[in-house]
Structure formats: C-alpha cells, structure tokens
Amino acid sequence: MAKRVLTTESGAPVADNQNSATAGVGGPILLQDQHLLEKLARFNRERIPERVVHARGSGAYGYFEVTDDVTGFTSADFLSSVGKRTETFLRFSTVADSLGGADAVRDPRGFALKFYTDEGNYDLVGNNTPVFFIKDPIKFPDFIHSQKRDPFTGKQEPDNVWDFWAHAPEATHQVTWLMGDRGIPASYRHMNGYGSHTYQWTNAEGEAFFVKYHFKTNQGVRSLSADQAAELVGKDANSHQTDLLQAIERGVNPSWTLHVQVMPAAEAADYRFNPFDLTKVWPHSDYPLQRVGRLVLDRNPDNVFAEVEQAAFSPNNFVPGIGPSPDKMLQGRLFAYADAHRYRLGVNHTHLPVNAPRTAVVDNYGRDGIHATRNGSRHDKNYEPNSYAGPAQTDAALAAPLAIHGWTGTHEAPAHTKDDDFFQAGELFRLMSEDEKGRLVANIAGGLSQVTRDDVIEKNLAHFHAADADYGKRVEEAVRALRED
C-alpha cells in the first residue's frame, strides 16, 4: 500500500511538518513558510459561532421505518407504505448552556430530526417535553436572555430566571415539567422526544388534519435526581455524548416508536384548549396516540464538527403532505431557525453533506455566495421563468390552505373554553405520586429561594397557587423554610 503524502491546501507535498523554516539554525521564523502560515491561519478559523440556543449537542444517523398505515391522514411519500425506510439524522442538545456546558443538567433537551426523503429533506424540530415556556415568538429573545449567562456576572442568575417566569404565567406548565422527575434525563437514549408544535397533515384527497408527534423511547424513560446529576457532571461532563457514542459503537442501537395525535381540522376551532398553543397539550383521552413507525439510530458521525456542529435544521423544511399550523411559536421558528444557520454557516449551508438531500435532486436558481458548490453550467440560467428548459413550479401545494379572517394587528391568542395558564400545570401536578410531588417542590424551592427580590418570589408563588392549592402551599412552605435557614 502506497504511503500517504501530507500536502498543503493547494495539494503541494509538505517536506517538514515538525520544524518551521527559520533564518539559520535558531534564527527567527521566515514569512515565506507557507505551510506554517496556512496551518496557523486555518487553526485560527476552526471554530464558527456557536448556536445561541441548543449549542451543546450530540447526534447520530439512523433510519425511520413505517409500521402502520397513515395514508388516510397524509400523502407524504416517506410515510406512504408499511415497511418503507428513510435515512435520518437526529441531533440531541441542551438548550440554555454554551457549547462547553455539561450534559447532565436540568434543562429541556432538543430533539431535532432530519428525514432524507425522496421528496427532499423534512426537518422535525422538537424537544423532550411536549410543551414550552412561552407561546409567542416575540418573547423568545427575552426568555433566552433570562436563562443564559448574565452580561455582568457571567453566570446564570436565579434572579433573572425566576423574574422572567414571574412575568410569564404561561410558563407554569413547562416549569412543572422541568422541575419534575424528568427534568434531567439519564441519557439521550432514555428520554422521549416530541414535535411539541402542532403541524398539519394533508391526505391525497386534500383533507387536512392537525397532528402532534410523540417519539416514545424503547429503552424506557430514566432520569437523574439533582444529586445524581451533580455527581455525574463531576465524573464526566460529556456523559450523554459518551453514552450515545458508546452504545451505538457496541451495536446497542437506541430506538423510539413514533405516535401521533390526529385532530380533524374542523374540530380545532371549538376544542376546549387552543390547539396551537405551545404551552398546552392535547389530553390523550381527547386524541389518543396512533402508532406510525420506528426510529432507530445505528451509526455515529465520523466527524462531530462536520456532522453535528454544522447540522442545520429548519421547521420550514416540509415535504408534500406536511405543512405548518397557526401555532405562533412555530410560525416564528419557520424564519428564525434557517436564518440562524445562514449567519453561522453561510447562505450555502444546505450544500454541506449532513444537510444535503440524499436522493432528492436539488434544482433551483440559487447561485453564488460564500462556499457555493452548486452554481450550474454555462447553459443554466439564473432566472425564472425562462425559455431554456429550466426547473419550473409544480402548482401542487405541499399542504392544505389555512383559513384566515379578521383584522391585522397585534393580538393575544384566542381563548378557548379551558384556556388559562394554570389548568394543565395543575393537572400535571395532580397526576404525580406523593414522592414525585415532593421532589418537584424541592427542585422549585431550591431555585426560587435563591431569588433576592421578595416581589419576584411572590409572583411565582401565585402561579403555583393558581395551578393547584396544594401545589402552591407546598412550594411556599418549602421556599420559606430554605430562606429562614
């Protein structure tokens, strides 16, 4: 086997990769040492801006296999027949901390899934919780600023975290999830994933349905207590990355079963909860889970930077048969996610291997820009319509149209019969065992008791009282006890 030759970026062979060129033995380094300058210049540019949120992540390739017929609800080709398999890439992440943060922390987990379908890439961007802290994207930058490092102290501040939640009563449901037993997953393999948002499915007859995605882990849900997590972080800050990597390398391939809740579009207007409110769930008694298929992860990336750090997901990447809903948070993310990647990776980030379609052919009039790899030939025009047999529109909508009525302006979300910010948080609390309630209260009190302003504490306590009288009483007593110590 021929020996591989080290080369420069231009392909020239490197004579010496151990010693810089100098003016004589022991003399100063020469500016003409092209290999040295190229190496240092490239090293200086190895990092790109980290994601503002979901910076710390892990990922793996796999496949999705359809196990149940859902063609009555969607015409999506990758869901068109039982047994059909589609290659996937799944990125897990924490939300609030930076790229160097620890894995085993109390934080929601991102669950971003890319389907490399024959009709183009379909990105499903969700979390390991079925709800979120806010329901309008205009509040998202403020929410994230409150949860991340303070500009002055350089660390996460309980005052900021709880002050925002004090002014966002709709966060009470998600706070109850986050502070409960599932707030710190034992690993990425041992947690569920959710599309969280409401999406639209459209079948071949044009009938529209609203759906919610539920990926149920086949490994069983396992979580860590605060003490267990602190111990694990001290031993291995990369615990979730280590677990996922080693499991797949051993051939222990994690899997999830996908279920959906399906709501006929006509039922949305009169449903007791706003079905497009990201802070609320659809109770399974109203819309039972229906099995769709199985997701399996079976291959680790060869290069974390190229395939995890540069993986780009946008909920605006739909395929025929699937589309958006009026979910306001989803509507905001349709723009924000892709725009974040244009900033981090460049306008041609979709050319990168991890983001490029596998079987679908990309044929459009996008040209130029940094890192462009698809610029066409001398025979290709960069405008449309044209007389040169360039790609043309299909006139076939991806999904059914959404009815719109009323006046433009800034509006609060429409209220449905059971809509308030506290009912579902109370329902979640009442579902918990006594032990679960005790741990939830201890977790909330541990953070809330560190807040320095009494009015912020009182506002948050009012939210828990509104959710459930016993819930509020327990949290109030626990906070008082910790503050008196």
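As the structure is a prediction and not an experimental result, all values here were calculated from the model.

Draft legend 1. Structural view of the overall build of the protein. When you go through the protein residue by residue, the secondary structure sums to twelve helices and ten strands. Once the C-alpha set of the protein is aligned to its principal axes, its extents read approximately 80 × 65 × 50 Å. Evaluated residue by residue, the protein yields a buried proportion of 46% over its 485 residues. In the form shown here, the protein has an accessible surface area of approximately 24700 Å², with 53% of it arising from carbon and sulfur atoms.

Draft legend 2. View of the pairing of strand 8 (residues 255-264). Burial analysis of strand 8 places nine of its ten residues in the buried class, the great majority of the element. Two elements, strand 7 (residues 208-217) and strand 8, share nine bridges in a ladder whose sense is antiparallel. Within the sheet, the bridge partner assigned to Tyr213 lies in strand 8 and is Val260.

Draft legend 3. Representation of the environment of Leu232 within the structure. Position of Leu232 relative to the elements: it lies in helix 5 (residues 226-235). Sequence separation between Leu232 and Asp103 is 129 residues; the distance between their C-alpha atoms is 9.3 Å. Leu232 has contacts with Ala104, Leu224, Ala237 and Ser239, leaving out every residue within four places of it along the chain.

Draft legend 4. Spotlight on the packing of helix 10 (residues 434-448) against helix 12 (residues 469-484). Two elements in contact, helix 10 and helix 12, have axes separated by 9 Å at closest approach and are oriented at 50°. With respect to each other, helix 10 and helix 12 are oriented oblique. Every pair of crossing elements has a handedness; the one defined by helix 10 and helix 12 is right-handed. Between helix 10 and helix 12, the residues in contact are Glu434, Lys437, Gly438, Leu440, Val441, Ile444, Ala445, Gly446 and Leu448 and Tyr471, Arg474, Val475, Ala478, Val479 and Leu482, respectively. Among the residues forming the contact of helix 10 with helix 12, the class breakdown is ten nonpolar, two polar and three charged.

Draft legend 5. Quick peek at the side chain of Thr74. Within the secondary structure, Thr74 sits in the loop between strand 1 (57-66) and strand 2 (85-94). Engagement of the side chain of Thr74 in a polar contact is seen with the backbone nitrogen of Ala76, the distance being 3.1 Å. Here the side chain of Thr74 touches Gly321 through a polar contact of 3.0 Å, landing on its backbone oxygen. Thr74 has contacts with Leu79, Trp201, Thr202, Asn203, Gly321 and Ile322, leaving out every residue within four places of it along the chain.

Draft legend 6. Main features of the packing of helix 3 (residues 158-166) against helix 11 (residues 454-467). Here helix 3 crosses helix 11 at 50°, and the two axes come no closer than 9 Å. It follows that helix 3 is oblique to helix 11 by the angle criterion. Seen along the crossing, helix 3 lies across helix 11 with a hand that is left-handed. Seen from helix 3, the contacting residues are Trp162, Asp163, Trp165 and Ala166; seen from helix 11, they are Val456, Lys459, Asn460, His463 and Phe464. A breakdown of the residues in the contact of helix 3 with helix 11 according to their chemical character gives five nonpolar, two polar and two charged.

Draft legend 7. Seen up close, the environment of His371. With respect to the helices, strands and loops of the structure, His371 is situated in the loop between helix 8 (328-345) and helix 9 (423-431). Setting aside residues no more than four positions away along its own chain, His371 makes contact with Leu345, Asn348 and His351.

Draft legend 8. Up close: unusual backbone geometry. Geometrically, the link from Glu384 to Pro385 is a cis peptide bond, its omega value of 5° lying close to zero. If you check the backbone angles, His371 has positive phi at about 65° while not being a glycine. When its relative accessible area of 56% is taken as the criterion, His371 is described as exposed.

Conventions adopted
Residues numbered from 1 in each chain as written. Predicted model: local features only at pLDDT ≥ 70, side-chain atom pairs only at ≥ 80, totals over all residues. Heavy atoms only, no water. Helix = DSSP H or I, 4+ residues; strand = E, 2+ residues; numbered from the N terminus. Buried < 20%, exposed > 50% of the residue type's maximum accessible area, 1.4 Å probe, protein only. Areas by Shrake-Rupley, 256 points an atom, 1.4 Å probe, with all protein chains shown as cover. Pairing = 2+ DSSP bridges. Contact = heavy atoms within 4.5 Å. Axes fitted to C-alpha atoms, helices over the stretch in contact; angles between N-to-C directions. Parallel < 35°, antiparallel > 145°, perpendicular 65-115°, else oblique. Left-handed = near helix turned anticlockwise from the far one by under 90°. Nonpolar A, V, L, I, M, F, W, Y, C, P; charged D, E, K, R; others polar. Polar contact = N/O pair within 3.5 Å; in protein donor to acceptor, adjacent residues only side chain to side chain.

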